[in-house]
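# Structural overview for review
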Amino acid sequence: MEYALSVVVPVYNAEKTIRRCAESVVLGRLRNVQLILVDDCSTDHSWDICSQLAQEFSNITCIRNENNRGVSATRNRALSAVRGEYVLFVDSDDWVSAHYAEALWHCAKTVPADALVLCAYHYLDHVNHTRSTVLADGELHQTTFVPMADACALLEKTFLQQLWNKIFRRDVIEAHQLRFDERMRMGGDFQFVLDYMTAIQCKKCVVLNEPLYYYGEPRKFTIVNHVNNKTVTEGLSFGAALAMVISYVEWKSIGWAILHGLLGWVYVIYYAIKYIL
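In this report, we go over the structure that sits alongside the text. (Residues numbered from 1 in each chain as written. Predicted model: local features only at pLDDT ≥ 70, side-chain atom pairs only at ≥ 80, totals over all residues. Heavy atoms only, no water.)

Take the overall build of the chain next. Assigned secondary structure in the chain consists of nine helices and ten strands. Within the chain, buried positions represent 53% of all 277 residues. Surface exposure of the chain reaches about 13000 Å², of which carbon and sulfur atoms provide 54%. (Helix = DSSP H or I, 4+ residues; strand = E, 2+ residues; numbered from the N terminus. Buried < 20%, exposed > 50% of the residue type's maximum accessible area, 1.4 Å probe, protein only. Areas by Shrake-Rupley, 256 points an atom, 1.4 Å probe, with all protein chains shown as cover.)

What follows deals with the pattern of salt bridges. Using the criterion set out here, one finds 16 salt bridges in the structure. Between arginine 77 and glutamate 66 there is a salt bridge, with the nearest N and O atoms lying 3.5 Å from each other. Here arginine 77 is found in helix 3 (residues 71-79), whereas its partner glutamate 66 is found in the loop between strand 3 (60-64) and helix 3, with eleven residues between them in sequence. Of the charged contacts in the structure, one is a salt bridge between aspartate 91 and arginine 75, with a shortest N-O distance of 3.3 Å. Remark: arginine 75 occurs in helix 3 and aspartate 91 occurs in the loop between strand 4 (84-89) and strand 5 (95-96); sequence separation between them is 16 residues. The exposure classification of aspartate 91 matches that of arginine 75, with both residues buried. (Salt bridge = Lys/Arg side-chain N within 4 Å of Asp/Glu carboxyl O.)

Next up on the list: helix 4 (residues 100-110). Regarding helix 4, the residues found buried are Tyr100, Ala101, Leu104, Cys107 and Ala108. Each buried residue of helix 4 lies within a common arc of 145° when the element is viewed along its axis, so the set occupies one face. Residues of helix 4 that are exposed and point more than 90 degrees away from the buried face comprise His106 and Thr110. (Arc of directions from axis to C-beta.)

Attention shifts here to the state of the cysteines. Tallying each qualifying case throughout the model produces zero disulfides. Cysteine 62 provides the cysteine sulfur closest to cysteine 50, a residue in no disulfide bond, and the two sulfurs are 5.0 Å apart. (Disulfide = S-S within 2.5 Å.)

Below, the discussion takes up the side chain of aspartate 125. Structurally, the position occupied by aspartate 125 is in strand 6 (residues 115-125). Of the polar contacts made by the side chain of aspartate 125, one reaches the side chain of asparagine 128; its length is 2.9 Å. (Polar contact = N/O pair within 3.5 Å; in protein donor to acceptor, adjacent residues only side chain to side chain.)

Taken as a whole and judged by the stated rule, the model has 14 aromatic pairs. Between phenylalanine 89 and phenylalanine 192, the ring centres sit 5.7 Å apart and the planes meet at 75°, which makes this aromatic pair edge-to-face. Pair noted here: phenylalanine 89 is in strand 4 and phenylalanine 192 is in helix 7 (residues 188-199), with a separation of 103 residues, a long-range link. Assessed through its relative accessible area of 1%, phenylalanine 89 is described here as buried. Summarising the aromatic geometry, the rings of tryptophan 164 and tyrosine 213 are spaced 4.4 Å apart at their centres and angled 10° between planes, so their arrangement reads as stacked. Within this pair, whereas tryptophan 164 is found in the loop between helix 5 (151-156) and strand 9 (166-169), its partner tyrosine 213 is found in strand 10 (residues 204-217), the two being separated by 49 residues in sequence. (Phe/Tyr/Trp six-rings, centres within 6.5 Å; stacked < 30°, edge-to-face > 60°.)

Overall, the coordinates contain three cavities of 30 Å³ or more when judged by the stated rule. By volume, the largest cavity is sized at about 50 Å³. Every residue along the wall of the largest cavity is listed here: Leu79, Val82, Val87, Arg170, Ile173, Glu174 and Arg179. The dominant element in the lining of the largest cavity, judged by the number of residues it contributes, is helix 6 (residues 170-175), at three residues. Class assignment for the residues of the lining of the largest cavity results in four nonpolar, no polar and three charged. For the second largest cavity, the full set of lining residues is Ser24, Val25, Gly28, Arg29, Val96, Ser97, Ala98, Tyr100 and Ala101. Mapped onto the lining of the second largest cavity, the elements with two or more residues apiece are helix 1 (18-26) and helix 4. Split by residue class, the lining of the second largest cavity holds five nonpolar, three polar and one charged. (1 Å grid on protein atoms, 1.4 Å probe; cavity = no way out; pocket = protein on both sides within 12 Å on 5 of 7 lines; lining within 4 Å. Points joined across faces, edges and corners; volume = space filled by probe spheres on them. Nonpolar A, V, L, I, M, F, W, Y, C, P; charged D, E, K, R; others polar.)

On to the packing of helix 1 against helix 2 (residues 46-56), then. Remark: helix 1 packs on helix 2, axes separated minimally by 10 Å, with the N-to-C direction vectors making an angle of 25°. For the element pair helix 1 / helix 2, the angle class is roughly parallel. Relative to helix 2, helix 1 is oriented so that their crossing is right-handed. Contacts between helix 1 and helix 2 involve Ile18, Arg19, Ala22 and Glu23 from the former and Ile49, Cys50, Gln52, Leu53 and Glu56 from the latter. Grouping the constituent residues of the contact of helix 1 with helix 2 by class yields five nonpolar, one polar and three charged. (Axes fitted to C-alpha atoms, helices over the stretch in contact; angles between N-to-C directions. Parallel < 35°, antiparallel > 145°, perpendicular 65-115°, else oblique. Left-handed = near helix turned anticlockwise from the far one by under 90°. Contact = heavy atoms within 4.5 Å.)

So this is what it looks like as structure tokens:
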């Protein structure tokens, strides 16, 4: 069966949250959705809950890794089971608005092929028990078109780095054989986004300024690995990589690519000092 879109959820020791996550997807306004749950050898009851969900909902597909492989390999395995025209990624300890899939899908079908569609989100701080809404510039519920020349502003607002507030075309993923780098210990999400932007020769980002995703912190060190010097070094390349995407798409000039690459390094080193180190 073909679906309007597929939602990929990697699962590891998420027995307390996976049902809330899964039901928020399958009970949303858009029902022609395939939900793919891939369990990465959880040591709690996550797999049992996933299996129960698959019995309750015919559009849920459950897969279990033979051994613990990490989040990138888990997502890659899910991509082989995708049957939707579009792909969304959701984390197992988060949940989504009832309009999440429908709004992103509808927008993706109406914008040019060289546009990346993303949405605003709610940020839940479980340590301080606070909730904030992360919005782009502009009015609430407004759709904003951001040219690639201004993409760093989205990076500063933490709109570009993650997977879960974006919708991806399956045909692009398959044509360019896009996959998550299983060697990376940190930043695989952003690398995938950059690879996708390059593949579509992205000329603009279309931002739905409506918070459709509920993202919680702090993240538990379960399906992802700890930060070390190597992961910080990997992270430092993203500003330069984004700048190269911008210059390739916007100017097609090696001179601009070098200049914006250097500017990207300056920005991302500042970001690393401020937020990581």
